Structure formats: C-alpha cells, structure tokens
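Structural characterization, general
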Amino acid sequence: ASGYLFRGQSQTDNNPTIQGGFDFAHEGGLYLGTWASNINFANGLEIDYYGGFTGEVNGFTFDLMGIYYMYPSSGEGVGVDYWEIGPSVSYTFGGELAPTLGVGLMYSDDFSFNSGESYWTYADLGFTLPNDFGIGFHIGNQTIDDPVAWGTPSWVEYNVSLSKALGPYNFGVKFSDTDIESVDCFGGTNVCDSTVVFSVSGSF
C-alpha cells in the first residue's frame, strides 16, 4: 500500500508499506491470526496477534475479538505494546446493492505509550456495486485518558473507500481524514492530515 493508516493516523509517515498475515478459522466460529507491517517508529516493526469468536443470529453477524499489538524492536520499558478487546455486529440488507451496516467497540485499559484507558467506537456502511466494485463509508471516535503521553488529543477519524475485486486480488483507494489540527499532531506533524491511500492485496 502507499501508506499504513491506523484510525486515520499514518504509521509510516505517509510512506509506503508492505503488510501480511496468516489466519485460521474454525467452522464453529473460533479464529486466530497474526499480522505484521513496517512502521516509522518503535524501530520499524509492528506484529499483531488476535483471536475471537464469530457467528450469525437472525441475519446479524457478531464478533468478539481480542488483539495484542506488539512492537518487538521498541525495547523494554517503552510501553508501546498494548491490547484491546471488544464486540462488533453487522447486518447485510437485501436488494441489488446489498448494503451492510456494522458497529463496534474496542477497549484497552492502557493504550499505547502508557496513555491510559481508551475506547474506540466506530460504524461502517458498505455497498456492493456492479462488476465486483465496492464502496465503503467509515467513521470512528478514539478517546484516550492521557493525550500527552500518546501525542494527540482524542480524535474522530473517517474515510471513504472504493475497491475492485479481480480474482484473488483486491485493488483499493481510500480518502481518510481526522479532526486533529496539525499543531496538535505529535508536536506539529502531518500524519493526522487528510490523505489518499492506494492498495493492492490478495488472499489465498
């Protein structure tokens, strides 16, 4: 991808990224996975480990997920590593565009860089378009107890994305932004500004 955004904030200083992961899903609903990416802090590497349980009831798809964000090259005592847990639920409506609406919450008792208790609430709306295109709309709100430790105040992030499936590959473009002013973004950086990200991904 041309960049790695985490809730609207660039983790690669608006530079390209290579990412990959492995997932295992059991037919009973349990799943486990790991995912990694280059970043521009914590000596350049993020590895995530996650698991959860998903299922469907009366057309609603639910998911209870836990994730541990690990930065193995950051060194001891930095406090970058942290975990989150939370539920989400989505529903796909009928019709030609098959709109899917989803909402979710993630909670941590101590967000990254020892910034305290945090909540991330979000909502997504997606549509299936002709010729294997898709369009999605997203909005999220991240609250943090200690904004000084993290580097920005609590923020709202949102994006609009367009995707195209081609065989096992998916091509995407996303416009993303936050409500954080540049002066409040990690001491005056542009990693919280509006940006466009291009991506190519594949699943096998």
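What comes next is a walk through the structure. (Residues numbered from 1 in each chain as written. Predicted model: local features only at pLDDT ≥ 70, side-chain atom pairs only at ≥ 80, totals over all residues. Heavy atoms only, no water.)

The next subject is the side chain of Thr12. By the element assignment, Thr12 lies in the loop between β2 (9–10) and β3 (19–25). A polar contact of 3.4 Å, which involves the side chain of Thr12, links it to the backbone nitrogen of Tyr4. Only 2.7 Å separates the side chain of Thr12 from the backbone oxygen of Asn15, close enough to count as a polar contact. Among all residues touching Thr12, those that are not within four sequence positions of it are Gly3, Tyr4, Thr17, Asn38, Ile39 and Asn40. (Helix = DSSP H or I, 4+ residues; strand = E, 2+ residues; numbered from the N terminus. Polar contact = N/O pair within 3.5 Å; in protein donor to acceptor, adjacent residues only side chain to side chain. Contact = heavy atoms within 4.5 Å.)

In this section: the nonpolar core. Within the largest apolar cluster, 22 residues are counted, with the highest numbers of intra-cluster contacts made by Phe6, Tyr69, Tyr71, Tyr82 and Phe111. For this core, the secondary structure elements donating two or more residues are β6 (60–70) and β9 (118–129). Apart from the residues within four sequence positions on either side, Tyr82 is in contact with Phe6, Ile67, Tyr68, Tyr69, Tyr71, Ser108, Asp110, Phe111 and Ser112. (Core = buried A, V, L, I, M, F, W, Y, C linked by side-chain atoms within 4.5 Å. Buried < 20%, exposed > 50% of the residue type's maximum accessible area, 1.4 Å probe, protein only.)

Under the criterion given, the structure shown has one salt bridge. For Glu84, the salt bridge identified is with Arg7, shortest N-O distance 2.7 Å. With Glu84 in strand β7 (residues 82–92) and Arg7 in the loop between β1 (5–6) and β2, this pair connects stretches of sequence that are 77 residues apart. (Salt bridge = Lys/Arg side-chain N within 4 Å of Asp/Glu carboxyl O.)

Sheet architecture is open: eleven strands sit in the order β3-β4-β5-β6-β7-β8-β9-β10-β11-β12-β13, paired in antiparallel fashion. Edge positions in the open sheet fall to β3 and β13 (195–202), since each of these has one partner strand only. Between one strand axis and the next, the sheet turns by 20° as a mean value, whatever way the strands run. One ladder, built from eleven bridges, connects strand β5 (residues 45–57) with β6; its direction is antiparallel. Directly across from Gly51, in β6, lies its bridge partner Gly66. (Pairing = 2+ DSSP bridges. Axes fitted to C-alpha atoms, helices over the stretch in contact; angles between N-to-C directions.)

Bringing the pairing of β7 into the picture now. As a general feature of sheets, a regular strand has side chains that alternate between the two faces. The pairing of β6 with β7 spans ten bridges and is antiparallel. Looking at the pairing, Leu64 lines up with Pro87 of β7. Bridge count between β7 and strand β8 (residues 100–108): six bridges; the pairing is antiparallel. Residue Ser90 lies in a different strand from β8, and its bridge partner there is Gly102.

Our next topic: unusual backbone geometry. Backbone geometry at Arg7 places phi at a positive 55°, although glycine is not the residue there. Here the phi dihedral of Ala98 falls at roughly 45°; this positive angle occurs in a residue that is not glycine. Relative to the assigned elements, Ala98 resides in the loop between β7 and β8. Taking the relative accessible area as the measure of exposure, Ala98 reaches 22% and is therefore partly exposed.

The final tally for this structure, using the stated rule, is 18 aromatic pairs. Measuring from centroid to centroid gives 6.3 Å for Trp83 and Tyr107, while their planes differ by 70°, and the two rings are edge-to-face. You can see Trp83 sitting in strand β7 and its partner Tyr107 sitting in strand β8, a full 24 residues away along the chain. One aromatic cluster is present, built from ring pairs that chain together Phe6, Phe41, Tyr69, Tyr71, Tyr82, Phe111, Phe113, Trp150, Trp155 and Phe186. (Phe/Tyr/Trp six-rings, centres within 6.5 Å; stacked < 30°, edge-to-face > 60°.)

Applying the stated criterion to the full structure yields one disulfide. A sulfur-sulfur distance of 2.1 Å marks the disulfide that ties Cys185 to Cys192. Here Cys185 and Cys192 share a disulfide; its torsion about the S-S bond, 80°, makes the bridge right-handed. We note that Cys185, like Cys192, is buried. (Disulfide = S-S within 2.5 Å.)

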